[in-house]
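Survey of secondary and tertiary structure
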Amino acid sequence: MTMTTNLVNSLYRAYSLGQAISNEEIPKTIRKEDAYRVQHQLTEQKSVTSNDNLIGYKISLTSEETQQLFNSTTPLYGALTQSNLSDGAIKLNKMLSPLIEIELMFIAHEDLSAADDVQSILQKTSIAPGLEIPDSRFTDWFPKLSLGQVIADSAVAGKVIVGEQVEGISFDQLASINADLTLNGEIIAQGPSTEVLGNPVHAIQWLIKELAKSGRTIQKGMIISSGTFILPKPLEKGKYQVSFDRVGSVSLDVL
C-alpha cells in the first residue's frame, strides 16, 4: 500500500466516522502536489464508497492575512461533495471544531475553461450569498496545520449554505460589496469583497487555471465558494445571518 493510499484511508475514516485524527497522521512536510493527489483520491473514494459526489469547490487563502497564517503566497482549493451542502441548519455536536466565514457563492450555468476571462466567467455564472463552515478532520487544527495538511483535508471543507441566486452583478460592483455577519441579531463581523483577491471573480479565474493543471474543470451546475471576507470565527449555537450589498442575505441556525 502506497503512502498516498494510507493517507487517503486515514482521512476517509475520519470523514466517515466523524472522528478527528491526530495531526501527526498526515506529515506536516507533505508537498503541495502530493497533498492535492491525496485530496483528489479522497474525493474519488467518497464518491465510490459513499455515493458522496463532487458538487464543486471551495477556495481558501484569498487574502494576504489568511495566506500568512499558513505561510503561503497563493490561494488553495478543496473539493465540495454533496454532504458539504447544508439546508441552513447545523447541529453543533455533529461537527468537530467548526469555524464560520462569509463568502459569495458562484454557480456555473455552463462549463468553464481556462480560456474564460473575468467577463465571460460572470456571464456563465450566477452569484449567491453564502456562509461557509470550515471544519477539519484533524484535532486542534486552526491555525496549526501546515499548508499541505490543509490541502489534503479538502481545504478543511465542512458545510456551505447557499442563498438565492442573483444575476447581472458587474465586475465593478463585485469589487465594492460589503457584508455584515450577525449572531442572534448582533453584528459580530464585517468585511469587504476586496479581501478576496481584490475581487471574488479573480478567485474563480485562479481556480479554473489551477484545476486545469490536473485536467480538471468547473462543470455546469457546480458551486464555488469563492473566499472569505473575514478571518474565520468559531461557530457557536444561535442564529447567524449574513447580508451582502446587492446580493442579498442567507441565514444559518446552529442547534
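Our structure is the block above this text.
The notes below deal with the structure included here. (Residues numbered from 1 in each chain as written. Predicted model: local features only at pLDDT ≥ 70, side-chain atom pairs only at ≥ 80, totals over all residues. Heavy atoms only, no water.)

Tallying secondary structure elements over the chain gives seven helices and 12 strands in all. Its C-alpha radius of gyration of 17 Å places the chain within 12% of the 18 Å reference for a compact globule of 255 residues. Judged by the C-alpha coordinates and their principal axes, the chain covers about 50 × 45 × 35 Å. Considering the chain as a whole, with its 255 residues, one finds that 54% of them fall into the buried category. A separation threshold of at least 6 residues defines the contact pool for the chain, and within that pool the share at least 24 residues apart is 76%. A total of about 11,100 Å² of accessible surface is found on the chain, and carbon and sulfur atoms cover 48% of it. Placing the 21 positive and 29 negative side-chain charges of the chain at their respective mean positions leaves the two points 6 Å apart. (Helix = DSSP H or I, 4+ residues; strand = E, 2+ residues; numbered from the N terminus. Rg over C-alpha atoms; globule rule 2.2 N^0.38 Å. Buried < 20%, exposed > 50% of the residue type's maximum accessible area, 1.4 Å probe, protein only. Contact = heavy atoms within 4.5 Å. Areas by Shrake-Rupley, 256 points an atom, 1.4 Å probe, with all protein chains shown as cover. Lys, Arg positive; Asp, Glu negative; His and termini not counted. Charge placed at Lys NZ, Arg CZ, Asp CG, Glu CD.)

Before going further, it helps to spend a moment on helix α1 (residues 3-17). For α1, which comprises 15 residues, the first-to-last C-alpha distance of 21 Å matches the rise-based estimate of 21 Å (1.5 Å per residue) to within 8%. Of all the residues in α1, the buried ones are T4, L7, V8, S10, L11, Y12 and A14. Where the residues of α1 are buried, they touch α2 (32-50) and α5 (147-152). Just past α1, the residue G18 takes up positive phi, approximately 70°. (Expected span 1.5 Å × (residues − 1).)

Moving on, we come to the environment of E64. Secondary-structure assignment places E64 in helix α3 (residues 64-69). Residue class for E64 comes out exposed when judged on its relative accessible area of 59%. Spatially, the C-alpha atoms of E64 and N23 are 25 Å apart, while their sequence positions differ by 41 residues.

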